[in-house]
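Examination of the molecular architecture
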Amino acid sequence: MPFFDALARWLGMKKKEVNVMVVGLDNSGKTTIINHFKSPETKNHDIVPTVGFNVEKFKSKSLAFTAFDMSGQGRYRNLWEQYYKECDGIIFVIDSSDKLRMVVAKEELNLLLENPELKNRSIPILFYANKMDARDAVSSVKCSHLLELQSLSNKPWFICASNALTGEGLHEGVDWLTDQLKIVLQKKKK
Amino acid sequence: MTENSDKWLDAYHDPVASLYTFTQCLTLSDIQADGDWKLIVADLGTGTYDMKLKVYKNTTLLSEHTIIDLPTGVVTFYMDTLTPRTPAIAVASGPYIYVYKNLRPYFKFTLPPLDIHPVEEDLWNQAKTDQVNILNMRDTLEAMRQEGASLTVRSIKLLQMETNNLQNFVNLHKNTPLKKQTVITCLSTMKKSVPDDDAISCLVLGTENKSIYILDPEAFTVLATVNLPNVPVFISVNGLFDVDYRIVVSCRNGCIYTLKRGSTDVTRNMIELNSQPVGMERVNKNIYVGCMDETLHCFTSKGKKLWTVRLPASITAMEAIDYKPKSFTAVIVALSNQEVHIYKEKYLVDVLKMDDVVTGMRFGRFGREDGTLVMSTKRGGLFVKILKRTAKFEEKDKLAGPPAAQNTKLNLPKKTKLFVDQTQREREQCVAMHRTFQRDLAQLRLKVLREYVKALDSSMNPISSDPMEPLKLSAHVQGIGPTFKFSVKLQNTSLTQSSSNLLITFDYDEHLYDFRKKLIQVPILVPGLTYSFDTFIDCKTDKGLSDNVKVYVLKPGKSIPLITGVVSMPVSESIVLV
């Protein structure tokens, strides 16, 4: 019933739905970040390495997110591209304490950006420079430098330092993503 | 920076890490049982001091321990069944194995001392009570050394000393008991009774006294000893100690021996190399050996040679790749021309160009990444490369082999009847044909010789055969006509004798040519020098005719010329009247 949907949306009871993909190398904290957004009763206390992917739902101020929490292990990374088509936004999680694998993250990001499904779409990408609490973590600025994000010009992107264990920095990122997705949705309507 | 192949990511490079080490002293292991694999390096320092055991977590130095003597090998092994499963680090250095647990020194194992030559022991015992003259003692030891007896380090040092220092040296050392120890040359591990990744392992070590020892990991007792014909340098182990095992050892004499459980005859399975081995790796059932003569060989475990590859430079390090996620196995060879070659079977599949000569390499899991290649270089650099997820190694030779066209089948015409008949004839009458050919050849030679003799007899050749007048002649014609310049060069080829009283004259068709000098008087010819005599010739005809002109060198009173030169004249250009 489109009328009731519109009414509910106008009243703020039903939110618009968006699909986002959460990608990044293994052990970067993707599942932990998603876990943080979930409601207290559905939260997991044990985070184990994801196999394949998980689908999680959570809400921000004005949007209902469906997050595809992809596994970051090397053998599952070729699964990512199967879901590029249906996603509206991408959350790329970086382990900012793993300097050695920064090149691997960069390589995976390049593969993602070069994918024909995403290459010409202006899809917002949110980067979390996660594990900012770790002793040898690099700053988010350094992180964006290492990934050469400055050369990423045809997509809106945003990087913020985060700590998925305490939730620090997470909402800042999701707020940005919400704003971006709303712009995209409005454009679509027109 | 380095010119990279597209298969590797340059994860980390520190050209000034001041890490001087070799493949044997590099290892990757999960020593804290946290899934984050560390790099363990025994740094050789300058070779005399500053030897350190370094542990890298990610790219930062986690811990550092000083090692007293030069390290010869580093391995990690599980020595107990406690959880968390933290392996111990074993560092071989001199006659000792230092074991570290949780990054703390834990145990020092000393190799069993060797038997001392009774005469040597007796000498030192006498020295203790000053019963022996030191010079006599030195002479006796020197005689023993020359006979080939193996002496203790103390005696060898004594033999190297100046005479005036001997007394002090003996006084200093005579009261400490004499010990003879060997040195560990190579170190490896072998699972004891179960093949799990974290199963308890024995240490396997090769020593300078031509032996292989297998050590129990809990009690540090020698479980087995095998004697070899030569000093082991590279060791490769697989199997289980309690079940069955194979130890492949390459020795300094250029032989590779295979030791099996329960067998003592090591020479049965022996591979003899053409050159000394500089690296040995085992992948599956094949043994890859790099030799000093810039070759890489592959043998089966039975000792059958499969192939040999020539390398463009000498080998500095070798390492095996066994990358399970892509079931990719290969051998990496570092070369002295600063390149790193990757061979899959005998095919060169990739070349990495480095800034420096790589001296140590390890491929395996580092941090959380499976396909990591850690390299140390001659100038002390540390390089980490990560194999790309999308990397594909084509099993095709990158080097120029035989061109593809060589394998395409040519469109040959069918054999004709004539060809078949000819072949038939050749087959049946081969003897007669050969004889005919030989006879013709002999006749040709005879004819050539006859002509040569004739030429000599009539002095028709430009080099004199007369020993009294050794002369050489060469004549040239210059110009395009109708006037030519004719130059004759004469050389006296003897060493001492000069020639004199010679004449040069020409034989020509008078209707065709006119020589302006018909006779040239030759002055005395000094040995060795070349004299040139010129004359002009006018061509009298404009019909485009030419002829040969003969040059004679004559001696008055002889009817036969000494030497003759024949020059064929060019066709003259006609006179242009203006």
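All chains use their own residue numbering, which begins from 1 and follows the written sequence. Each chain is given a letter, starting from A, and each ligand a number, starting from 1, according to the order in which they appear as written. This being a predicted model, a pLDDT of at least 70 is required before a residue's local features are given, and a value of 80 or more before pairs of side-chain atoms are given or counted; all residues contribute to the totals for chains, interfaces and linings. Think of the side-chain values as coming from all heavy atoms in the structure, minus any hydrogens and water.

Chain B has the name Bardet-Biedl syndrome 1 protein homolog in an unreviewed UniProt entry, where Biomphalaria glabrata is given as its organism.

Per an unreviewed UniProt entry, chain A goes by ADP-ribosylation factor-like protein 6 and derives from Biomphalaria pfeifferi. UniProt positions are given in the numbering used here, feature names are shortened, and annotations may be inferred rather than shown by experiment. Reading the Sequence similarities (unreviewed entry) entry of the UniProt record for chain A gives the comment "Belongs to the small GTPase superfamily. Arf family."

The helix and strand labels rest on DSSP assignments: H or I over at least four residues marks a helix, E over at least two residues marks a strand, and numbering proceeds from the N terminus. From N to C terminus, chain B includes six helices and 36 strands. In this setup the radius of gyration rests on C-alpha atoms only. A globule is expected at 2.2 Å times the number of residues raised to 0.38. Against the 2.2 N^0.38 benchmark of 25 Å for 578 residues, chain B shows a C-alpha radius of gyration of 41 Å, more extended than a compact globule. With respect to the three principal axes, the spread of C-alpha positions in chain B is 120 × 80 × 65 Å. Every one of the 578 residues in chain B was classed for burial, and the buried ones make up 46%. Two residues qualify as a contact provided that any one of their heavy atoms is within 4.5 Å of a heavy atom in the partner residue. Excluding contacts between residues fewer than 6 apart, the proportion of contacts in chain B whose partners are at least 24 apart in sequence is 50%. Here chain B contributes 70 positive and 63 negative side-chain charges, whose respective centroids are spaced 5 Å apart. For the exposure calls, accessible area comes from a 1.4 Å probe over protein chains only, and a residue counts as buried if that area is under 20% of its type's maximum, exposed if over 50%, partly exposed in between. Note that His is not counted, nor are the chain ends; the positive residues are Lys and Arg, and the negative ones are Asp and Glu. To locate a charge, take NZ of a lysine, CZ of an arginine, CG of an aspartate or CD of a glutamate.

All names here are of chain A. Taken from the UniProt record, the annotation "binding site: Mg(2+)" (unreviewed entry) applies to T31 and T50. The greatest C-alpha distance among the residues just named is 7.5 Å, despite their covering 20 residues of sequence, which places them together in space. With respect to the helices and strands, T31 occurs in helix α2 (residues 30–37). Judged by its relative accessible area of 17%, T31 is buried. Those residues within four positions of T31 in sequence are excluded, and the remaining contacts are I47, T50 and D69. Here T50 lies in the loop between α2 and β2 (53–59).

Let us look at the packing of aromatic side chains. The description of an aromatic ring pair rests on the distance of the ring centres and on the angle between the ring planes. Residue and element names in this part refer to chain B. Any two rings among Phe, Tyr and Trp, with Trp reduced to its six-membered ring, count as a pair given centres within 6.5 Å; such a pair is stacked if its planes are under 30 degrees apart, edge-to-face if over 60, and tilted if neither. All told, the structure shown has 19 aromatic pairs over all chains when counted by the stated rule. Here the aromatic cluster, defined as three or more aromatic residues joined through ring pairs, consists of F486, F506, Y508 and F515. Directly above the aromatic system of Y96 lies the positively charged group of K108, at a separation of 4.1 Å from the ring centroid. Only when the NZ atom of a Lys or the CZ atom of an Arg is both within 6 Å of the ring centre and within 35 degrees of the ring normal do we say a charge sits over the ring. Lying over the aromatic face of F241, R261 brings its terminal NZ or CZ to 5.7 Å of the ring centre.

The UniProt entry lists residues 471–574 of chain B under the feature "domain: Bardet-Biedl syndrome 1 protein GAE" (unreviewed entry), expressed in the numbering used here. Its end C-alpha atoms 37 Å apart, residues 471–574 of chain B is made of 0% helix and 52% strand.

This next bit is on the pattern of salt bridges. All names here are of chain B. Should a side-chain nitrogen of Lys or Arg be within 4 Å of a carboxyl oxygen of Asp or Glu, the pair is scored as a salt bridge. As enumerated under the stated definition, the model contains 35 salt bridges over all chains in all. As a salt-bridge pair, D43 and K54 come within 3.1 Å of each other at their nearest N and O atoms. Here D43, found in strand β3 (residues 38–43), pairs with K54, found in strand β4 (residues 52–57); they are 11 residues apart in sequence, far enough to count as distant. With its nearest N and O atoms 2.7 Å apart, the salt bridge here joins E208 to R252.

This part takes up the interface of chain A and chain B. Counting from both sides, the interface comprises 16 residues of chain A and, opposite them, 15 residues of chain B. A quick way to say it: buried area is the sum, across both parts, of accessible area lost when two parts are put together, with a 1.4 Å probe. Of the roughly 1,400 Å² buried at the junction of chain A and chain B (both faces included), carbon and sulfur atoms supply 53%. Interface area lost by chain A to chain B is led by L100, V103 and E107 of chain A, which between them contribute 40%. There are four salt bridges connecting chain A and chain B. A salt bridge links D26 of chain A to R368 of chain B; its shortest N-O distance comes to 3.9 Å. Two N or O atoms count as a polar contact when they lie within 3.5 Å, although within protein this holds only if one can serve as hydrogen donor and the other as acceptor, and sequence-adjacent residues are included solely when both atoms are side-chain atoms. There are four residue pairs in polar contact (both at pLDDT 80 or more) connecting chain A and chain B.

Residues and elements named next belong to chain B. Considered for burial, the residues of helix α1 (residues 118–128) that qualify are E120, L123, W124 and A127. Taken around the axis of α1, the buried residues stretch over an arc of 90°, which confines them to a single face. For α1, the secondary structure elements touched by its buried residues are α2 (134–147), α3 (153–159) and α4 (166–173). Looking one or two places after α1, you find D130, whose phi comes out positive at around 55°. Throughout, the arc means that of the directions going from the helix axis to the C-beta atoms.

Further remarks concern the pairing of strand β5 (residues 60–66) of chain B. Residue and element names in this part refer to chain B. Strands pair, by our definition, only if DSSP identifies at least two bridges between them. Sheet analysis places β4 next to β5, joined by six bridges and oriented antiparallel. Directly across from K52, in β5, lies its bridge partner T66. Hairpin remark: β4 followed by β5, antiparallel, with two residues in the connecting loop; positive phi at N58, about 55°.

So, about the sheet that holds strand β1 (residues 16–24) of chain A. Residues and elements named next belong to chain A. Taken together, the six strands give an open sheet; going across it, the order is β2-β3-β1-β4-β5-β6, and neighbouring strands pair in mixed fashion. Edge positions in the sheet fall to β2 and β6 (157–161), since each of these pairs with one other strand and no more. Across the sheet, the mean angle from the axis of one strand to that of its neighbour is 20°, orientation sign disregarded. With six bridges connecting them, strand β4 (residues 89–95) and strand β5 (residues 125–130) associate as parallel partners. Among the inter-strand pairings, I90 is bridged to a residue of β5, identified as I125. In the packing of helix α3 (residues 102–114) onto the sheet, the strands contacted are β1, β4 and β5, and the crossing angle to β4 comes to about 165°. Fitted lines through C-alpha atoms serve as axes, helices being fitted only where they are in contact, and the angles separating the N-to-C directions of these axes extend from 0 to 180 degrees.

Position of L181 of chain A relative to the elements: it lies in helix α6 (residues 170–189). Taking the C-alpha atoms as reference points, L181 of chain A and G89 of chain A, separated by 92 residues in sequence, lie 7.3 Å from one another.

A few words now on the sheet that holds strand β29 (residues 471–478) of chain B. All names here are of chain B. Taken in spatial order, the four strands make up an open sheet running β29-β30-β34-β32, and their pairing is antiparallel. Of all strands in the sheet, those with a lone pairing partner are β29 and β32 (513–515), marking the two edges. Within the sheet, the average angular offset between the axes of one strand and its neighbour, ignoring direction, is 25°. Bridge analysis of β29 against strand β30 (residues 483–492) gives eight bridges, and the strand direction is antiparallel. For H476, the partnering residue across the bridge sits in β30 and is S487.

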